[in-house]
Amino acid sequence: MDINFEASLDKLTSCLLSALAVTNQWTTDHPYFAAGGLLLLSINPELLLTPLRFVGRAIISALALLCVLAALPFQLLAIFFLWLLGFRRGGVERDSFAAHHQSLNYRGYIPPNTLFSRFQSYGATHHDPVLHFYEEHEEDPVTTVLSWLASLTAIFVLGKEWGLWDVQVAANKLM
């Protein structure tokens, strides 16, 4: 199945231009409501960002959960395999394969960064499946940019209403 990217891009561009035309018409018909909303948004950009972040977090959490659920059987299998070899929470289990391998090859010293030391560490500390989600962090630059953009757009909308951007209308108002 071939995807026609040019047609898809044309359709997306058409939808965006249509949405912009409708928005522009609404701001022309209701400039004070539009400017008021934009100024409110410039004062508190979290009004818009909080729902967007919530939806973004929900999507990321759902995707992370799917990834964890997909990896969970493999993690459990690895934990079980290490347990069978003798790598346990308390260290290497006596009379296990790991204990025999350690006594034959390493004696009392386990070199760092070897497969055996990694298995020993993993067996001792990773007895439960690892469930990691993303860390939350603030996006202050996004908030600042949105605030400035909303302020400038409000000025533009009011300037358009008052005729500041139309030289002929501005000249007539000054006379």
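For the structure, see preceding data.
Residues numbered from 1 in each chain as written. Predicted model: local features only at pLDDT ≥ 70, side-chain atom pairs only at ≥ 80, totals over all residues. Heavy atoms only, no water.

**With respect to the pattern of salt bridges**
Here is step 1: Counting across every chain of the model gives two salt bridges.
Here is step 2: With its nearest N and O atoms 3.5 Å apart, the salt bridge here joins R88 to E93.
Here is step 3: Among the residues examined, E93 registers a relative accessible area of 35% and is labelled partly exposed. (Salt bridge = Lys/Arg side-chain N within 4 Å of Asp/Glu carboxyl O. Buried < 20%, exposed > 50% of the residue type's maximum accessible area, 1.4 Å probe, protein only.)

**Section: the packing of helix α1 (residues 5-29) against helix α2 (residues 31-43)**
Here is step 1: With their axes 5 Å apart at the nearest point, α1 and α2 run at an angle of 110° to one another. In this view, α1 runs roughly perpendicular relative to α2, as classed from their interaxial angle. For the pair α1 and α2, the contacting residues are W26, T27, T28 and D29 in the first and P31, F33 and A34 in the second.
Here is step 2: Each residue belonging to the contact of α1 with α2 can be placed in one class, and the counts come to four nonpolar, two polar and one charged. (Axes fitted to C-alpha atoms, helices over the stretch in contact; angles between N-to-C directions. Helix = DSSP H or I, 4+ residues; strand = E, 2+ residues; numbered from the N terminus. Parallel < 35°, antiparallel > 145°, perpendicular 65-115°, else oblique. Contact = heavy atoms within 4.5 Å. Nonpolar A, V, L, I, M, F, W, Y, C, P; charged D, E, K, R; others polar.)

**Regarding the nonpolar core**
Here is step 1: Counting eight residues, the largest nonpolar core consists of A34, A35, L38, L41, A150, A154, V157 and L158.
Here is step 2: Secondary-structure elements contributing two or more residues to this core are α2 and α6 (140-161).
Here is step 3: Setting aside its immediate chain neighbours within four residues, L38 contacts A150, T153, A154 and V157.
Here is step 4: Core analysis: the second largest hydrophobic core is formed by six residues, F87, A98, I110 and F116 among them. (Core = buried A, V, L, I, M, F, W, Y, C linked by side-chain atoms within 4.5 Å.)

**Let's talk about the side chain of S96**
Here is step 1: With respect to the helices and strands, S96 occurs in the loop between β2 (91-92) and α4 (97-105).
Here is step 2: Of the residues examined, S96 reaches a relative accessible area of 9% and is grouped as buried.

**Focus on helix α5 (residues 115-125)**
Here is step 1: Among the residues of α5, F116, S117 and G123 are the ones counted as buried. Looking down the long axis of α5, one finds its buried residues gathered within 135° of arc, a one-sided arrangement. In α5, those exposed residues whose orientation departs by more than 90 degrees from the buried face are L115 and R118.
Here is step 2: Against the buried residues of α5 lie α3 (46-85), β1 (87-88), β2 and α4. (Arc of directions from axis to C-beta.)

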